[in-house]
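Working through the structure, step by step
Residues per chain, in single letters:
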Amino acid sequence: MRLGEAELLMKGSLHSDELLGAVVARDTGLRTGRRISHVFIMDVPTYHKVLFVTDAAINISPTLEDKVDICQNAIDLAVALGLEKPKVAILAAVETVSSKMPSTIDAAALCKMADRGQITHGLLDGPLAFDNAISSDAARIKGIRSEVAGDPDILLVPDLEAGNILAKQLTFLANADSAGIVLGARVPIILTSRADSVRSRSASCAVAMLAAHARRRALQAAV
């Protein structure tokens, strides 16, 4: 893998910690300058387009700097899958910035970082509560004027617990189909659960192949 002879990595019958420990090993792993993060790509029957949820599987309590990489990884994946300028809703419990809720401070900082070019190729807004992010009616009632509210491609959650709960709610209450991959390493990593269906595993492989293809084209263009 480090020699460039393979373009994808898929977890077999071992714990995720074992695989990711080898991936992030300083001298022998697949690290890059980016922090690795997980993205769920979800087809939610009650939503009008594919929804990306990040990070719901790897980064437990990400810092602001971690969230920059988590956000950029998700944007890069969405662009690789054909979106021109993905819309990113940065979730919190409320839509106003408050020092009592660090996630709202992070959301405001991420938006300003995008304005300054520290996060690229995406349109960010936040903090947004989940209802304001997903529903344009809810946003309108609360007086939120936003190109993202009601139409996000990516939901950036404040921490792993929130993301994990959200992804599982969409799966088990909204009957969403999902795929999941890890980004930020030298190659895309297919990180499925042993409880995942064949449909989910196949979808994860398909998404990883598209991401690998986009990476190959970018490397060829840079030569």
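What you are looking at is a predicted structure, and each value in this text was computed from that prediction instead of being measured.

1. Focus: unusual backbone geometry
Excluding glycine, residues mostly have negative phi values, and the peptide bonds linking residues are mostly trans. Cis rather than trans, the peptide bond between Thr-54 and Asp-55 has omega equal to -5°. By secondary structure assignment, the location of Asp-55 is in the loop between strand E3 (51-54) and helix H2 (64-80). The amide bond that connects Gly-126 to the next residue, Pro-127, takes the cis arrangement and shows omega of 5°. Its location among the elements puts Pro-127 in strand E5 (residues 123-128). For His-121, which is not glycine, the phi dihedral falls at a positive 70°. With respect to the helices and strands, the residue His-121 is situated in the loop between helix H3 (102-115) and E5.

2. Brief notes about the environment of Ile-154
Examined against the element boundaries, Ile-154 turns out to sit in strand E6 (residues 154-156). C-alpha of Ile-154 to C-alpha of Val-53: the two residues are 101 residues apart in sequence and 5.9 Å apart in space. When residues no more than four places from it in sequence are discounted, the contact partners of Ile-154 are Phe-52, Thr-54, Ala-74, Ile-75, Ala-78, Pro-86, Lys-87, Val-88 and Ala-89.

3. Examining the packing of H2 against H3
Interhelical geometry of H2 versus H3 gives an angle of 55° and a closest axis separation of 10 Å. Classified by the angle between their axes, H2 and H3 sit oblique to one another. Classified by chirality, the crossing of H3 by H2 is right-handed. The residues of H3 that touch H2, namely those facing Leu-64, Lys-67 and Val-68, are Ser-103, Asp-106, Ala-109, Leu-110 and Met-113.

4. Details of helix H6 (residues 160-172)
Counted at 1.5 Å a residue, the expected span for H6 with its 13 residues is 18 Å, and the 18 Å between its end C-alpha atoms agrees. Among the residues of H6, Leu-160, Gly-163, Leu-166, Ala-167 and Leu-170 are the ones counted as buried. For H6, the buried positions fall inside an angular range of 135° around the axis, keeping them on one side. Away from the buried face of H6 by more than 90 degrees, exposed residues Glu-161 and Phe-172 are located. In the core, the buried residues of H6 are packed alongside strand E2 (37-43), E3, strand E4 (87-91), helix H4 (130-134) and E6.

The rules behind the values
Residues numbered from 1 in each chain as written. Predicted model: local features only at pLDDT ≥ 70, side-chain atom pairs only at ≥ 80, totals over all residues. Heavy atoms only, no water. Helix = DSSP H or I, 4+ residues; strand = E, 2+ residues; numbered from the N terminus. Contact = heavy atoms within 4.5 Å. Axes fitted to C-alpha atoms, helices over the stretch in contact; angles between N-to-C directions. Parallel < 35°, antiparallel > 145°, perpendicular 65-115°, else oblique. Left-handed = near helix turned anticlockwise from the far one by under 90°. Expected span 1.5 Å × (residues − 1). Buried < 20%, exposed > 50% of the residue type's maximum accessible area, 1.4 Å probe, protein only. Arc of directions from axis to C-beta.

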